[in-house]
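Given next are the chains, with one letter for each unit.
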Amino acid sequence: MRKLPHYNNFPVLIVLLALLMMWQLGAMNLNAAYILPSPIQIFRKIWDLRMPLFTVHLPATLLITSIGLVLSIVLGVALAILMDVSVLLRKCLYPIVVGSQTIPTTAIAPLFVLWFGYEIWSKVLVVILITFFPITITVYDGLRSARHDMKELLLTYGATQRDIFFKIKFPCALPYFFSAIKMAIPISVIGAAIGEWLGAQSGLGYFSRRMMTQLDGAGVFAPIVLLSVVAMASVALIALLERRFVHWRGES
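Residues numbered from 1 in each chain as written. Predicted model: local features only at pLDDT ≥ 70, side-chain atom pairs only at ≥ 80, totals over all residues. Heavy atoms only, no water.

Novice: Go over the packing of aromatic side chains with me, naming the residues and quoting the values.
Specialist: Under the defined criterion, the tally for this structure stands at 4 aromatic pairs. Ring centres of F177 and F178 lie 5.7 Å apart, and the angle between their planes is 70°; this geometry places the pair in the edge-to-face category. A residue is classified by how much of its surface remains accessible, and F177, at 22% relative accessible area, is partly exposed. Judged by its relative accessible area of 9%, F178 is buried. R50 extends its terminal NZ or CZ atom over the ring of W47, reaching a point 4.0 Å from the ring centre. (Phe/Tyr/Trp six-rings, centres within 6.5 Å; stacked < 30°, edge-to-face > 60°. Buried < 20%, exposed > 50% of the residue type's maximum accessible area, 1.4 Å probe, protein only. Lys NZ or Arg CZ within 6 Å of the ring centre and 35° of its normal.)

In structure tokens form, the structure reads like this:
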């Protein structure tokens, strides 16, 4: 018997449609597009400004996000492995990793602009600052989740620490790694936008700030919508990769 298709996303679409309708009605009643533009006005603005948005500002933000996220992954995974390998390194690095997140991003980002100018690296540093922490802590927890009895069993068969890492710790940490990436992607987009807002010559954050100076509410929301779509699409792609490489998740 053929199984009926599952409509798992149908409730989400209904809720999203209801929220958009409420937003549209509220914006129409307010009748102040510079404060609260309607979804139709925002999508019309995206279409009208599609050339600068999709050919200049969106690629600039994606470049910053990609570089910052890749460097955060390398740094976060390296720190997680070092803390897992050595107790001394964990005691030295863990407080620094946690303390780095107490620095307000809006306070440190202007300093990055002063140090590195309006080039790409000042924004990349903002992305790294706010994304490497969840990657480091989550991957570290994944490495620590490996069962001790399995490690002791491999040791009795003469396994090395390298064998234990790749046969036990790495598979245990892989689901945590994908979860960390799914958390870091939206944060990286926010970090890139903050950096561009405070000092840039291109990018969606810069575009949004420029539209705000012109009291163009739809222009302010247009790059925000694009950022949300990019983040959701990226998280969906990572979820597909997770199902491909972590097929054992949920199994005993």
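Novice: Before we move on, can you summarise the pattern of salt bridges with the specific residues and values?
Specialist: Using the criterion set out here, one finds 4 salt bridges in the structure. For the salt bridge of K45 with D216, the shortest nitrogen-to-oxygen distance reads 3.0 Å. Taken together, the residues K45 in helix α2 (residues 39–48) and D216 in the loop between α9 (204–213) and α10 (217–245) connect sequence positions 171 residues apart. D216 gets classed as buried once you look at its relative accessible area, which sits at 17%. Via salt bridges that share partners, D84, R144 and K169 belong to a single interconnected network. (Salt bridge = Lys/Arg side-chain N within 4 Å of Asp/Glu carboxyl O. Helix = DSSP H or I, 4+ residues; strand = E, 2+ residues; numbered from the N terminus.)

Novice: Tell me about a nonpolar patch on the surface, residues and numbers included.
Specialist: On the surface, L71, L111, L114, W115, F116 and W121 cluster together to form a nonpolar patch covering roughly 670 Å² of accessible area. Sorting elements by how many residues they give to the nonpolar patch places helix α5 (residues 105–116) first, with 4 residues. Summarising the element assignment, W121 is placed in helix α6 (residues 120–144). (Patch = residues over 30% accessible without salt bridge, like charges linked within 9 Å, V, L, I, M, F, W, Y side chains within 5 Å. Areas by Shrake-Rupley, 256 points an atom, 1.4 Å probe, with all protein chains shown as cover.)

Novice: Outline the side chain of S122, supporting the account with residue identities and numerical values.
Specialist: Among the structural elements, S122 can be located in helix α6. Since its relative accessible area comes to 1%, S122 is described here as buried. Among the polar contacts listed, one links the side chain of S122 to the side chain of K123, at a separation of 3.2 Å. S122 has contacts with F112, V113, F116 and G117, leaving out every residue within four places of it along the chain. (Polar contact = N/O pair within 3.5 Å; in protein donor to acceptor, adjacent residues only side chain to side chain. Contact = heavy atoms within 4.5 Å.)

That is the geometry; function is a separate question.
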